[in-house]
Amino acid sequence: MGDYWGRSVRVVAGAAVLALALAACQRSAAEKPKGAAPAAPAAPAVGKKPDTAAVWRKWGLKPLVPAPAPPVDKPLELPGKGPAKVFESVPTKDRVVFVTLDDGQEKDPEFVEMMNELKVPVTMFLTKGDIQDDYGYFKPLQALGNRIQDHTITHPVLPTLGLEGQKHEICGDRDALTEQYGTAPTLLRPPFGRWNSLTQQAARECGISGIVMWRASMQIHDFQYDDPKKELHPGDILLAHFRGPKQLKGETMTRMFADLLRQIEKRGFSVARLEDYITVR
């Protein structure tokens, strides 16, 4: 009899537990909204765009007005044969100027950082004698799309040399730059801005199509202008140098370049890439 009553109690208790479990399941189903969609996975985080103003402010600058898209029809044509063409500006109505950097004496790592962040296009006219101790310094600048052009081997006054002497300087630099950077220069900046008809002939025989002069040259904090009114004009080519404290009376290259950009911004110009406005016939 005891076993019978014990089994009866266990059966009744088990039935009660089962009933409670079923009721709980029914309540849970009733509380869930009908037709509710499963929870969507979290959306991936979208990276924030760089704060342009903050990047420029880091260097003490206001952002330049963005340059227009490169023209489809290049306004400056360089002849494919005959004496290399000499020019100091580009005929354009675009409110742009072109920045060129010469020599290569100073190799300031902070300047590479500055150019990586600001993305200002420049054309580099490099002298073999100044850069051969560290060709690699200029490769990150080239990787930004900046072209490397000819500035002779030893930076001589070219008109003091004969045709063969000028060819040695121009061709030798072009060959070294082509080997190191993978692209052959098509433009020449004559050292000190000095050239003659033999320079034009030598440049052509070395594969150079244009001899590039300038309308204003950056000193330390401001330009030295060809224009007596000290103004910039659309299409002006500007000259600066890879220089450091020894040549800039204690100033750094980044400070000099910041002052250059400040003068351009103050006059409401953009900086465009010189090669985007030139074509060789």
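Here the residue numbers are simple positions, counted from 1 along each chain's written sequence. Local features in this predicted model are restricted to residues of pLDDT 70 or higher, and side-chain atom pairs are both shown and tallied only at a pLDDT of 80 or more, whereas totals for entire chains, interfaces and linings draw on every residue. Computation of side-chain values: all heavy atoms of the structure, hydrogens and water removed.

Enquirer: How should I be thinking about the overall build of the protein in this particular structure?
Expert: Here a helix means four or more residues in a row that DSSP labels H or I, a strand means two or more in a row labelled E, and each is numbered from the N terminus. For the protein, the helix and strand inventory stands at eight helices and 12 strands. Note on exposure labels: buried denotes an accessible area under 20% of the residue type's maximum, exposed denotes more than 50%, and partly exposed covers the range between, all computed with a 1.4 Å probe on protein chains only. Looking at the 281 residues of the protein, the share that counts as buried comes to 41%. For the accessible areas, the method is Shrake-Rupley and the probe is 1.4 Å, while residue cover comes only from the protein chains on display. Accessible surface, the protein as shown: approximately 15300 Å² in total, 56% of it carbon and sulfur.

Enquirer: Sorry, what's going on with helix 7 (residues 197-205) here?
Expert: In an α-helix, one full turn covers 3.6 residues, which means residues spaced three or four apart are oriented alike. Thr199, Gln200, Ala202, Ala203 and Arg204 are the residues of helix 7 that are buried. Note on definitions: a residue-residue contact is assigned when non-hydrogen atoms from the two residues lie within 4.5 Å. Along its buried surface, helix 7 packs onto strand 2 (85-87), helix 6 (163-181), strand 6 (187-188) and strand 7 (210-212). Definition of a polar contact: a pair of N or O atoms within 3.5 Å, with one able to donate and the other able to accept a hydrogen when the atoms are protein atoms, and with sequence-neighbouring residues admitted only if both atoms are side-chain atoms. The residue sitting at the N-terminus of helix 7 and contributing the capping side-chain oxygen is Asn196; that oxygen lies 3.1 Å from the backbone nitrogen of Leu198.

Enquirer: Is there a simple way to think about the pairing of strand 3 (residues 96-103) in this case?
Expert: Consecutive residues of a regular strand have side chains that alternate between opposite faces of the sheet. Burial within strand 3 is extensive, with eight of its eight residues counted as buried. Two strands make a pair as long as DSSP finds a minimum of two bridges between them. Pairing of strand 3 with strand 11 (residues 270-272), which is carried by three bridges, proceeds in the parallel orientation. Within the sheet, the bridge partner assigned to Val96 lies in strand 11 and is Ser270. Sheet analysis places strand 3 next to strand 10 (residues 237-241), joined by five bridges and oriented parallel.

Enquirer: I would appreciate a short explanation of the state of the cysteines in the present structure.
Expert: Here, the term disulfide refers to a pair of cysteine sulfur atoms separated by no more than 2.5 Å. Evaluation of the coordinates by the stated rule reveals one disulfide. Here Cys171 pairs with Cys206 through a disulfide, and the sulfurs are 1.8 Å apart. Looking down the S-S bond of the Cys171 and Cys206 bridge, the torsion is -95°, so its handedness is left-handed. Linking Cys171 in helix 6 with Cys206 in the loop between helix 7 and strand 7, this pair joins segments that are 35 residues apart in sequence.

Enquirer: Explanation requested: the pairing of strand 10 in the structure shown.
Expert: Within strand 10, five of the five residues are buried, leaving the element largely enclosed by the surrounding structure. What you see with strand 10 is no split at all: Ile237, Leu239 and His241 on one side and Leu238 and Ala240 on the other are buried throughout.

Enquirer: Can you walk me through the environment of Leu158 in this structure?
Expert: Inspection of the secondary structure puts Leu158 in the loop between strand 5 (148-150) and helix 6. Exposure remark for Leu158: the relative accessible area of 0% places this residue in the buried category. In the structure, Leu158 is positioned 37 residues away from Trp195 in sequence and 6.1 Å away in space, judged by C-alpha atoms. When neighbours within four sequence positions are excluded, Leu158 is seen to be in contact with Thr152, Gln166, Glu169, Ile170, Pro190, Pro191, Arg194 and Thr199.

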